[in-house]
Amino acid sequence: MAALRKQYVVARHVYSEDSFAGDHEKIHRVPKTGLDHVRGYLTCDSKRAKAAVLSLLPIVGWMRSYRVREWLLGDVVSGISTGLVAIMQGLAFSLLASLPPSYGLYTAFFPMLTYFFLGTSRHISVGSFPVLSLMVGAVVTRLVPEDGPPANITSFEGLTPDQQRVLVASSVTFLMGIFQLAMGVLQVGFIVVYLSDTLVSGFTTAAAVHILVSQLKFVLGLDVPGINGPLAIIYTLEKIFVQITLTNICDLVMSIVIMVIVFIVKELNDRYKAKLPVPVPIEAIMTIIACGVSYGFNFEKRYDVDIVGKMVSGYESPIAPSVEVFRESAVEAFPVAIVGFAVAFSVAKVYSIKHDYTIDGNQELIAFGVSNIFGASFRSFAASTALSRTAVQESSGGKTQIAGLISAMMAMMVTVALGFLLEPLPTSVLGALVIVNLKGMLMQFREILYLWRRDKPECVVWVGTCLGAILLGLDLGLAVGLGVELLTVVFRTQFPRCSVLANIPGTDLYRDRKDHLHIFEPKGVKIFRIPSPIFFANIEFFREKLVEAVGFNPLRVLRKRNKALRTIKKLFQEKDNHMTERGLGDLFCQETNEPSVNKEELDQVPRVDLHSLILDFSAVSFLDISALKGLRMALKEFIRMDVDVYIVSCDVHILEKLHNCMFFDEEILTSMFFPTLHDAMLHVHILLSNMFIHSLLQN
């Protein structure tokens, strides 16, 4: 049954912009000056002070409305479940950062303490993230290589290689936190909008490939030094395949078994998550089993298996970052800061929408900045969030960051009292856990076909970012992705899909004439639409498409007309301004000393049937000075051809700019502008009707 259609009828005058302004007085608004904005920003009262405190300390807001009876049990259960996952991921992801595993527990503890007070998201699990760990690990490997001397940094004197790596990782993290805190204070949280979902997807997929390759040496039990820089992944694979015959079978078999079991249980967790009170903590279970088996059968000595070894018991005293490392790693620390915030903010936004509360991008920058600075002071490395860990925290009943605080307390208990139990854990088990957790990121390869079918420029962004990050490294790959993304934006605006519109009969609607069968297109009238801003890069494209739409080049036609008029004028002068009764035919067919001129030469002047040209500016958001000059030239070419030009639906700010830039003169008038396309069409019909009536009266 067809839906009931409603109708509306509006009776009003046909308006031009001039007549509309005459009938409807506009409010004159005085824009605020820079001094006004500064004064307003610095003004303080009790209400504003309270809002500032609530903004800087979001915990005050949600803690006042905390429902103890309804939420506390869920937060406790969620905190325990998330804590188990955070501990295992912290141990595993520390390998990506080229650090001893115990420092992954630091990252699961310290950053969460400050985010608990400063963060606006109630559901994300703050801690290590594999992509950031890998980016930090690239700096660590560059400054403290495994198969060579460390960089010439004064702060390294008297430190063991592991201590040097910890100093590099904490210094990079400290600088990352400074960048995030500075961006938050300067209110530039909007910067994350330049990292589109497509770019982030391609980037994280490339990071997953890097992570997979980096963990092969642990799974295979090979001694492969860390490599960084362009094509590092190729060189790493080469070294792995050269040593493939030296694979430790015990490591390989154990890794395969653990990956298969963890993968199956995770799939069951996803399938039956509605029935399970909490997801099965399979990573923790397999880690405990692997520790027991490794200790009982003495894998380290019997099968030459690398194990975690001595765990740091308790917490060490704070350390100061190295300024020399700052200088060496500033270029890498900035993309780490951007990626860490972008991933955390994207995940936080998903859950804030799901649970109906708001998050503040600038406050999130401040929260992560302070968290990373605080954590780096206690030897932790870059913190953000992991989607899998956050999903556990939310799905197991977590309502607030009390769950996150409990998970941090669990990491603290392992560090202080239970760390020695993890010493016999094979590193291949941690590598296997890292690889099996890459499933979600690696499955993003499926997006290539989806994007290719629906939006090819977006597909180019994805592929360009992914390939750039795989081949050139994550830092350069991110820059490549941003460059490709900006090029697609330029491409879309520089070469927009222009169209010729026609009226849908019986309505005031106008659509692309190629898209509809039944349309009304008045003879001699063209409606041209450009769906993008007009600026220096696309003004010539706009003029070319306009010429293509009307079917002739006004400048060429005007030149041919002027040439024909000069020819006629010359012939008149030669005949002493006398015409025979046979008219112009005798003039054109006569023989003169000059090259003959005949009717065929005049027939080369194209016939122009266009009398009205309407430009639809409804999608034009701005005009720059270069485009303004080009538009003026294009309009004058048509006006001098006796074509009436109208511009419709022009933004009021663009109109103001046209006035300010002296766009109007004796040829280009303000009366050419109309508020809607239908107003302009009715105006054209009225003019044509008046001309027709006038001609009938004359005859």
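This one's a predicted model, so the numbers in the text were calculated from it and none came from an experiment.

Remarks on the packing of helix α22 (residues 456-472) against helix α23 (residues 474-494)
Between two packed helices, the angle of one axis relative to the other and the distance separating the axes together describe the packing.
Thinking step 1. As a packed pair, α22 and α23 sit with axes 7 Å apart at the nearest point and diverge in direction by 160°. Relative to α23, α22 is oriented roughly antiparallel. For α22 against α23, the interelement crossing comes out right-handed. Together, P457, E458, V460, V461, G464, T465, G468, A469 and L472 of α22 and L474, D475, L476, G477, V480, G481, V484, E485, T488 and R492 of α23 make up the contact between the two elements.
Thinking step 2. When the residues that make up the contact of α22 with α23 are grouped by side-chain class, the tally is 9 nonpolar, 6 polar and 4 charged.

Digging into the nonpolar core
Thinking step 1. Grouped together as the largest cluster of nonpolar side chains are 128 residues, with contacts concentrated most on V131, V168 and I258.
Thinking step 2. Residue contributions to this core peak at 15 residues, all from helix α15 (residues 323-355).
Thinking step 3. Not counting the four nearest positions on each side in its chain, I258 is found in contact with M286, A290, V429, A432 and L433.
Thinking step 4. Judged by nonpolar contacts, the second largest core, of 39 residues, contains L546, A549, F552 and M641.

Here's the deal with the side chain of T82
Thinking step 1. For T82, the location among the structural elements is in helix α5 (residues 68-96).
Thinking step 2. The class of T82 is buried, set by a relative accessible area of 0%.
Thinking step 3. Dropping the residues within four chain positions of it, T82 is found in contact with S125, R389, V392, Q393 and S407.

So, the pattern of salt bridges
Thinking step 1. Following the criterion strictly, the structure yields 22 salt bridges and no others.
Thinking step 2. Note that R142 is salt-bridged to E332, the shortest N-O span being 2.8 Å. Taken together, the positions of R142 in helix α8 (residues 130-143) and E332 in helix α15 put the pair 190 residues apart, joining distant regions of the chain.
Thinking step 3. For R142, a relative accessible area of 29% translates into the label partly exposed.

Concerning helix α24 (residues 539-550)
Because each turn of an α-helix spans 3.6 residues, side chains separated by three or four positions end up pointing in the same direction.
Thinking step 1. Along its 12 residues, α24 runs 17 Å from first to last C-alpha, staying within 8% of the 16 Å computed at 1.5 Å per residue.
Thinking step 2. Buried residues of α24: I539, F541, F542, R543, L546, A549 and V550, and no others.
Thinking step 3. Just past α24, the residue G551 takes up positive phi, approximately 90°.

What to know about unusual backbone geometry
Thinking step 1. Here S98, not a glycine, exhibits a phi torsion of approximately 60°, which is positive.
Thinking step 2. Assessed through its relative accessible area of 22%, S98 is described here as partly exposed.
Thinking step 3. At N298, a position not held by glycine, the phi torsion is positive, near 50°.
Thinking step 4. Here N298 is to be found in the loop between α13 (282-296) and α14 (299-302).
Thinking step 5. N298 gets classed as partly exposed once you look at its relative accessible area, which sits at 34%.

Remarks on the state of the cysteines
Thinking step 1. Scanning the model with the defined rule gives 0 disulfides in all.
Thinking step 2. Between C459, a free cysteine, and C466, which holds the nearest cysteine sulfur, the sulfur-to-sulfur gap is 11 Å.
Thinking step 3. A relative accessible area of 5% places C459 in the buried class.
Thinking step 4. C661 supplies the cysteine sulfur nearest to C650, a cysteine that is in no disulfide, at a spacing of 12 Å.
Thinking step 5. Looking at C650, the relative accessible area reads 9%, which means it is buried.

What about the confidence of the model for the protein chain?
Thinking step 1. Across the protein chain, the average pLDDT comes to 87, with 95% of residues at or above 70.
Thinking step 2. This model gives residues 591-596 a pLDDT under 50, and the stretch forms 4 contacts once residues within four places in sequence are excluded.

Digging into empty space enclosed by the protein
Thinking step 1. Applying the stated criterion to the full structure yields 2 cavities of 30 Å³ or more.
Thinking step 2. Roughly 60 Å³ of volume is contained in the largest cavity.
Thinking step 3. Lining the largest cavity, in full, are A86, G90, G104, A108, M112, S125, V126, G127, S128, R389, G404 and S407.
Thinking step 4. For the lining of the largest cavity, the elements supplying multiple residues, two or more each, are α5, β1 (126-127) and α18 (402-418).
Thinking step 5. For the lining of the largest cavity, a count of residues per class yields 4 nonpolar, 7 polar and 1 charged.
Thinking step 6. A volume near 50 Å³ is recorded for the second largest cavity.
Thinking step 7. Lining the second largest cavity, in full, are L195, L199, V200, F203, V339, A342, V343 and L478.
Thinking step 8. Mapped onto the lining of the second largest cavity, the elements with two or more residues apiece are α10 (197-220) and α15.
Thinking step 9. The residue makeup of the lining of the second largest cavity, split by class, is 8 nonpolar, no polar and no charged.

Rules and cut-offs
Residues numbered from 1 in each chain as written. Predicted model: local features only at pLDDT ≥ 70, side-chain atom pairs only at ≥ 80, totals over all residues. Heavy atoms only, no water. Axes fitted to C-alpha atoms, helices over the stretch in contact; angles between N-to-C directions. Helix = DSSP H or I, 4+ residues; strand = E, 2+ residues; numbered from the N terminus. Parallel < 35°, antiparallel > 145°, perpendicular 65-115°, else oblique. Left-handed = near helix turned anticlockwise from the far one by under 90°. Contact = heavy atoms within 4.5 Å. Nonpolar A, V, L, I, M, F, W, Y, C, P; charged D, E, K, R; others polar. Core = buried A, V, L, I, M, F, W, Y, C linked by side-chain atoms within 4.5 Å. Buried < 20%, exposed > 50% of the residue type's maximum accessible area, 1.4 Å probe, protein only. Salt bridge = Lys/Arg side-chain N within 4 Å of Asp/Glu carboxyl O. Expected span 1.5 Å × (residues − 1). Disulfide = S-S within 2.5 Å. pLDDT = per-residue confidence, 0-100. 1 Å grid on protein atoms, 1.4 Å probe; cavity = no way out; pocket = protein on both sides within 12 Å on 5 of 7 lines; lining within 4 Å. Points joined across faces, edges and corners; volume = space filled by probe spheres on them.

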